[in-house]
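# Topology and contacts: notes
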Amino acid sequence: MDATLALLIALVALQALALWLLWQRRSADNGETPRAIDTLRTDLAAANERSERSLRADIADSARGTRSELMQTLATFQEAVVKQAAEATRTQ
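Below is a short write-up of the structure. (Residues numbered from 1 in each chain as written. Predicted model: local features only at pLDDT ≥ 70, side-chain atom pairs only at ≥ 80, totals over all residues. Heavy atoms only, no water.)

## Topic: the overall build of the chain
A count of helical and extended segments in the chain gives two helices and zero strands. A compact globule built from 92 residues would reach a C-alpha radius of gyration of about 12 Å, whereas the chain, at 26 Å, exceeds it by more than 25%. Along the first, second and third principal axes, the C-alpha set of the chain runs to 90 × 15 × 10 Å. A burial count over the chain gives 9% of its 92 residues as buried. Summed over all atoms, the accessible surface of the chain reaches about 7,600 Å², with 62% contributed by carbon and sulfur. Side-chain charges of the chain comprise 11 positive and 12 negative groups, with the mean position of each set lying 4 Å from the other. (Helix = DSSP H or I, 4+ residues; strand = E, 2+ residues; numbered from the N terminus. Rg over C-alpha atoms; globule rule 2.2 N^0.38 Å. Buried < 20%, exposed > 50% of the residue type's maximum accessible area, 1.4 Å probe, protein only. Areas by Shrake-Rupley, 256 points an atom, 1.4 Å probe, with all protein chains shown as cover. Lys, Arg positive; Asp, Glu negative; His and termini not counted. Charge placed at Lys NZ, Arg CZ, Asp CG, Glu CD.)

Have a look at this one:
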């Protein structure tokens, strides 16, 4: 969970930095280089897509680990219940 939060914060920071750079270029160029803005926008979209893909993979890994841990806990609980039922049957 901590890794996904850190990745999300990094993604937001990256987007904020890209927007700031875009604003700086626009004020410096006064709109004379729309191709540079389009290139920056394309680069930002690609970086955003990579970050989203990475975030999805991290979330899937986390969910997989959580499911595995839950299955192990439930198996241990089931074993304890079966042992207790067997012990109760033996004492009767």
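## Quick notes on the environment of Leu5
Position of Leu5 among the secondary structure elements: in helix α1 (residues 2–29). Judged by its relative accessible area of 48%, Leu5 is partly exposed. For the pair Leu5 and Leu22, spaced 17 residues apart in the sequence, the C-alpha separation amounts to 26 Å.

## Things to note about a nonpolar patch on the surface
Taken together, the side chains of Leu5, Leu8, Ile9 and Val12 present a nonpolar region at the surface, about 370 Å² in accessible area. With respect to the element layout, Val12 can be found in helix α1. (Patch = residues over 30% accessible without salt bridge, like charges linked within 9 Å, V, L, I, M, F, W, Y side chains within 5 Å. Salt bridge = Lys/Arg side-chain N within 4 Å of Asp/Glu carboxyl O.)

## As for the pattern of salt bridges
Under the defined criterion, the tally for this structure stands at six salt bridges. The shortest N-O distance in the salt bridge between Glu49 and Arg53 comes to 3.9 Å. With a gap of four residues between them, Glu49 and Arg53 both fall in helix α2 (residues 34–91), about one helical turn apart. With a relative accessible area of 34%, Glu49 lands in the partly exposed category. Lys83 is paired through a salt bridge with Glu79; the nearest N and O atoms lie 3.4 Å apart. Of the two residues, Lys83 and Glu79 both sit in helix α2, four residues apart, roughly one turn of that helix.

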